[in-house]
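# Summary of the model geometry
This is what each chain is made of:
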Amino acid sequence: MTLQWAAVASFLYAEIGLILIFCLPFIPPQRWQKIFSFSVWGKIATFWNKAFLTIIVLLIVLFLDAVREVRKYSSLADMEKFLPSKPGAHEHMHMKLFRAQRNLYISGFSLFFWLVLRRLVTLITQLAKETSNKGVLKTQAENTNEAAKNFMKENERLKQLLKGSNKEAEHILEAESKKLVEEQKKLKTELKKTSDALSKAQNDMMTMKMQSESLSKEYDRLLKEHSELQNRLRKGNKKVL
């Protein structure tokens with residue numbers, strides 16, 4: 001195996017190892033995201049796309065070269081069936097065909113696994129972000145649910161307080177109504193007493209007025225009689241003298 005194909009084979013083995021490591025179930029995507037967030041990856045991120053495209057171009061060139069070699073040695077192997085050949089030439093031709101096919105598989109799988117590896121890293125990163133967002137959304141949903149439950153409890157408590165306050169207000173209004181009714185009855189009773197007393201006072205006043213008028217008339221009569229008696233007495237004294 002030449003140096004370039006040995007490098008491609010090593011690259012293929014490294015790709016397979018990395019894919020197997022990324023597929024380990026006990027390493028969560030969040031751990032890979034932390035590893036990908038190291039400052040080292042940030043420094044080489046600017047060269048990553050260029051390196052990725054460069055490796056793809058090299059692998060495509062090697063793959064096409066391997067395809068050319070396979071077609072070349074396949075056609076030569078078919079021609080040797082009809083032409084006389086030297087001893088061992090047939091085995092040598094098949095050995096080269098085998099190497100060409102091996103190189104074809106190595107370059108083809110290296111190209112395929114390189115694309116898979118890039119896609120796998122992208123999916124792991126997206127899965128880690130989605131898992132983190134899911135945790136945040138789950139926490140927010142739990143907080144929102146808890147807040148909603150608290151609001152519902154508070155609403156029920158306020159409804160109960162409102163019902164209790166309505167009942168208390170009804171009791172207070174009923175007590176005030178009874179009190180007002182009693183006061184109204186008392187006022188009616190007092191008004192009746194006052195009216196009776198006023199009527200009695202008016203009757204007494206009329207009686208006293210009548211008595212006063214009769215007394216005044218009697219006084220005038222007595223005063224008149226007294227005056228007449230005095231006049232008579234004066235006249236009698238004059239006659240004696």
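Quick caveat, the model's predicted, so the values are computed rather than measured.

Right, let's talk about the overall build of the protein for a bit. Along its length, the protein carries four helices and zero strands. Put simply, the protein runs from its N terminus to its C terminus through helices and strands in the order α-α-α-α. The buried share of the protein, reckoned over its 241 residues, is 13%. Contacts in the protein between residues far apart in sequence, at least 24 positions, make up 85% of those at least 6 positions apart.

Under the 1.5 Å per step criterion, the end-to-end length of helix α1 (residues 3-22) is 28 Å for 20 residues, consistent within 8% with the ideal 28 Å. Buried within α1 are the following residues: Trp5, Val8, Ala9, Leu12, Glu15, Ile19 and Phe22. With its buried residues spanning 150° around the axis, α1 presents them on a single face. Structural note: α1 exposes Leu3, Tyr13 and Leu20 on the side pointing more than 90 degrees away from its buried face.

Moving on, we come to the nonpolar core. Membership of the largest hydrophobic core comes to 24 residues, with the highest contact counts inside it found for Val8, Phe22 and Trp114. Where this core is concerned, the elements lending two or more residues are α1, α3 (39-80) and α4 (89-240). The biggest single contributor to this core is α4, with 10 residues. Those residues in contact with valine 8, other than ones at most four positions away along the chain, are Leu59, Leu62, Ile106, Ser107 and Ser110.

A word on the confidence of the model for the protein. Averaged over every residue, the pLDDT of the protein is 77; residues scoring 70 or more account for 82%. Mean pLDDT values over the elements of the protein span from 73, in helix α2 (residues 29-36), up to 87, in α1.

What follows is about the pattern of salt bridges. By the definition in use, this model includes two salt bridges. A salt bridge links aspartate 65 to arginine 68; the nearest nitrogen and oxygen atoms lie 2.9 Å apart. You can see aspartate 65 and its partner arginine 68 sitting in helix α3, three residues apart, about one turn around the helix. Looking at aspartate 65, the relative accessible area reads 26%, which means it is partly exposed. Looking at arginine 68, the relative accessible area reads 44%, which means it is partly exposed. A salt bridge links arginine 68 to glutamate 69; the shortest N-O distance between them is 2.7 Å. Each of the salt bridges in this network shares a partner with another, and the network as a whole consists of Asp65, Arg68 and Glu69.

The next thing to look at is a nonpolar patch on the surface. A grouping of Leu18, Ile21, Leu24 and Phe26 is seen on the molecular surface, where their side chains present a nonpolar patch of about 370 Å² in accessible area. According to the relative accessible area criterion, isoleucine 21 is partly exposed, its value standing at 40%.

Taken as a whole and judged by the stated rule, the model has four aromatic pairs. Look at phenylalanine 11 and tryptophan 114: their rings are 5.2 Å apart centre to centre, the planes differ by 50°, and that puts the pair in the tilted class. Placement of phenylalanine 11 in helix α1 and of tryptophan 114 in helix α4 is noted, with a sequence separation of 103 residues between them. Among the residues examined, phenylalanine 11 registers a relative accessible area of 24% and is labelled partly exposed. Over the aromatic face of phenylalanine 52 sits the side chain of arginine 118, whose NZ or CZ is 4.5 Å from the ring centroid.

This paragraph deals with the environment of leucine 123. Position of leucine 123 relative to the elements: it lies in helix α4. Look at leucine 123 and you get partly exposed, because its relative accessible area is 39%. Expressed as a C-alpha distance, the spacing of leucine 123 and proline 29, which sit 94 residues apart in the sequence, is 9.3 Å.

The next subject is the side chain of serine 110. Among the secondary structure elements, serine 110 is positioned in helix α4. At 2.6 Å, the side chain of serine 110 and the backbone oxygen of isoleucine 106 are in polar contact. Sequence-distant contacts of serine 110, that is, excluding residues within four places in its chain, are made with Val8, Phe11, Leu12, Glu15 and Leu59.

About the thresholds
- Residues numbered from 1 in each chain as written.
- Predicted model: local features only at pLDDT ≥ 70, side-chain atom pairs only at ≥ 80, totals over all residues.
- Heavy atoms only, no water.
- Helix = DSSP H or I, 4+ residues; strand = E, 2+ residues; numbered from the N terminus.
- Buried < 20%, exposed > 50% of the residue type's maximum accessible area, 1.4 Å probe, protein only.
- Contact = heavy atoms within 4.5 Å.
- Expected span 1.5 Å × (residues − 1).
- Arc of directions from axis to C-beta.
- Core = buried A, V, L, I, M, F, W, Y, C linked by side-chain atoms within 4.5 Å.
- pLDDT = per-residue confidence, 0-100.
- Salt bridge = Lys/Arg side-chain N within 4 Å of Asp/Glu carboxyl O.
- Patch = residues over 30% accessible without salt bridge, like charges linked within 9 Å, V, L, I, M, F, W, Y side chains within 5 Å.
- Areas by Shrake-Rupley, 256 points an atom, 1.4 Å probe, with all protein chains shown as cover.
- Phe/Tyr/Trp six-rings, centres within 6.5 Å; stacked < 30°, edge-to-face > 60°.
- Lys NZ or Arg CZ within 6 Å of the ring centre and 35° of its normal.
- Polar contact = N/O pair within 3.5 Å; in protein donor to acceptor, adjacent residues only side chain to side chain.

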